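Structural overview for review
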Amino acid sequence: MKKRTLYLALLSFATIAAVCYGSWTYLGRPSVTLTKNQFSFTFKRPDDTTIQKKTGAFDSIRLHLRAADLELKTGEDYCVTYQGPKQACPAFTVKDGVLTAAEPSPEKNSLSSASRQTVTVTVPQDLTQLKDLSLFSNNGDLTIDPGHTVTMNTLTLGSENGDLALYDCRGKMLTAKASNGDVDLETILFSNSDLESGNGDISLTTADSLGNYTISADSGSGDISIGKNSYSLDDDDHSSISVGKGPQTISLSTDNGDIDVSGH
């Protein structure tokens, strides 16, 4: 009986070890990252690498990627940092003041869905203005944290599968759409904001008083909170509401999720 128990224990251990080795080989090493309120769990493959490129000055960004987390932050200089499989690294270029990226063709970049890529765009800390920014990822989170000293003309964000997070953002026109993910905005100040989530919550904190805004909110299935007032779907008239008469506008819409708006 003891020999049989020992044999079964060794067999179980060998099976678990084989599964772990296979997962490690195929998916990569588990990695946990935490940036502000954003938590992510990914796998680092053996062929993952980090590539940093100084790009030179730019005042506009157009990045549309298939499967990458995108982040914009301030630092010492204009640069782009890529983390992920080497064969999937995009080619980043600056032309006429616009930063763009060209990804390898799908034939040259056959990666598993578990292989995650991260692209971090850094602008100088003393930068005061960016013109037009358009960032999109088919499968990835977008984090925008340029610091309150940078103003933007237009900021357009989109993700098919991922969350959108903005911190200390200021400008004229903000458009953010997440098909499957939450939209989280903290200390935001835009003349016009259009926010949408197909399946996810929308949370927004303005950098100024809510009295400066005209706010329209629509939730197909969820509760709406604006300032100190809450609106439940139990009230037939409150699935779509309009609050305030300020010159700045905020439009929020989610098919399945809650909406929470507060101000300073």
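Predicted, not measured: the structure shown is a model, and the values here were computed from it.

Parameters and conventions
- Residues numbered from 1 in each chain as written.
- Predicted model: local features only at pLDDT ≥ 70, side-chain atom pairs only at ≥ 80, totals over all residues.
- Heavy atoms only, no water.
- Helix = DSSP H or I, 4+ residues; strand = E, 2+ residues; numbered from the N terminus.
- Contact = heavy atoms within 4.5 Å.
- Areas by Shrake-Rupley, 256 points an atom, 1.4 Å probe, with all protein chains shown as cover.
- Pairing = 2+ DSSP bridges.
- Phe/Tyr/Trp six-rings, centres within 6.5 Å; stacked < 30°, edge-to-face > 60°.
- Buried < 20%, exposed > 50% of the residue type's maximum accessible area, 1.4 Å probe, protein only.
- Salt bridge = Lys/Arg side-chain N within 4 Å of Asp/Glu carboxyl O.
- Patch = residues over 30% accessible without salt bridge, like charges linked within 9 Å, V, L, I, M, F, W, Y side chains within 5 Å.
- Lys, Arg positive; Asp, Glu negative; His and termini not counted.
- Charge placed at Lys NZ, Arg CZ, Asp CG, Glu CD.
- pLDDT = per-residue confidence, 0-100.

Tallying secondary structure elements over the protein gives one helix and 21 strands in all. By sequence separation, contacts in the protein at least 24 residues apart represent 53% of the contacts at least 6 residues apart. For the protein, the exposed surface amounts to about 14000 Å²; the carbon and sulfur share of it is 51%.

All right, on to the pairing of strand E20 (residues 248-256) then. With seven bridges connecting them, strand E14 (residues 183-199) and E20 associate as parallel partners. Directly across from Ser 193, in E20, lies its bridge partner Ile 250.

To continue, consider the packing of aromatic side chains. Per the stated rule, a full pass over the model turns up one aromatic pair. Measuring from ring centre to ring centre gives 5.0 Å for Phe 58 and Tyr 78, while their planes differ by 65°; the resulting arrangement is edge-to-face. Placement of Phe 58 in the loop between strand E3 (48-54) and strand E4 (60-65) and of Tyr 78 in the loop between strand E5 (68-75) and strand E6 (79-85) is noted, with a sequence separation of 20 residues between them. By the burial criterion, Phe 58 is buried, and Tyr 78 matches it.

Now for the pattern of salt bridges. Summed over all chains, the structure comprises two salt bridges. Linking Asp 59 and Lys 131 is a salt bridge whose minimum nitrogen-to-oxygen distance equals 3.7 Å. Residue Asp 59 is located in the loop between E3 and E4, and its partner Lys 131 is located in strand E10 (residues 129-139); the two are separated by 72 residues in the primary sequence. Using a relative accessible area of 26% as the deciding quantity, one classes Asp 59 as partly exposed. A salt bridge links Glu 103 to Arg 66; the nearest nitrogen and oxygen atoms lie 3.7 Å apart. Taken as a pair, Glu 103 in the loop between strand E8 (98-102) and strand E9 (117-124) and Arg 66 in the loop between E4 and E5 lie far apart in primary sequence, 37 residues in all.

Along the chain, Ser 193 falls in strand E14. Not counting residues within four places of it along the chain, the set of residues in contact with Ser 193 comprises Leu 174, Thr 249, Ile 250 and Ser 251.

Our next topic: the environment of Phe 190. For Phe 190, the location among the structural elements is in strand E14. Remark: the alpha-carbon pair of Phe 190 and Ile 250, spanning 60 residues in sequence, is separated by 8.6 Å.

Side chains of Asp 182, Asp 201, Asp 223, Asp 258 and Asp 260 sit close together on the surface and give a patch of like negative charge. Mapped onto the fold, Asp 223 is located in the loop between strand E16 (213-219) and strand E17 (224-226). With relative accessibility at 39%, the residue Asp 223 sits in the partly exposed group.

Right, let's talk about the confidence of the model for the protein for a bit. The predicted coordinates of low-pLDDT regions are not to be read in fine detail. A residue-level look at the protein finds 76% of positions with pLDDT of 70 or above and a mean pLDDT of 84. Predicted confidence for residues 18-27 stays below pLDDT 50, and this span has ten contacts to residues more than four positions away or in other chains. Throughout residues 38-42 the model reports pLDDT below 50, and contacts reaching past four residues in sequence, or to other chains, amount to 18 contacts.

The next point concerns the environment of Ile 226. In this structure, Ile 226 sits in strand E17. What makes Ile 226 buried here is its relative accessible area of 5%. Along the sequence, Ile 226 and Leu 210 sit 16 residues apart, while their C-alpha atoms lie 8.8 Å from each other.

This brings us to unusual backbone geometry. Most peptide bonds adopt trans geometry, and most residues besides glycine take a negative phi value. One non-glycine residue, Asp 168, lies in positive phi territory at about 55°. By the secondary structure assignment, Asp 168 is in strand E13 (residues 164-180). Given the relative accessible area of 22%, Asp 168 is considered partly exposed. Positioned with a positive phi, Thr 187 is a non-glycine residue whose angle comes to about 55°. Structurally, Thr 187 is set in strand E14.

Take the pairing of E5 next. Among the eight residues that make up E5, six are buried, leaving the element largely enclosed by the rest of the structure. Bridge count for E5 against E9 is eight bridges, and the pairing is parallel. Counted as the bridge partner of Ala 68 is Gln 117 from E9. In this structure, E5 lies alongside strand E11 (residues 142-145), joined through four bridges in parallel fashion. Its bridge partner being in E11, Glu 71 is matched across the sheet by Thr 143.

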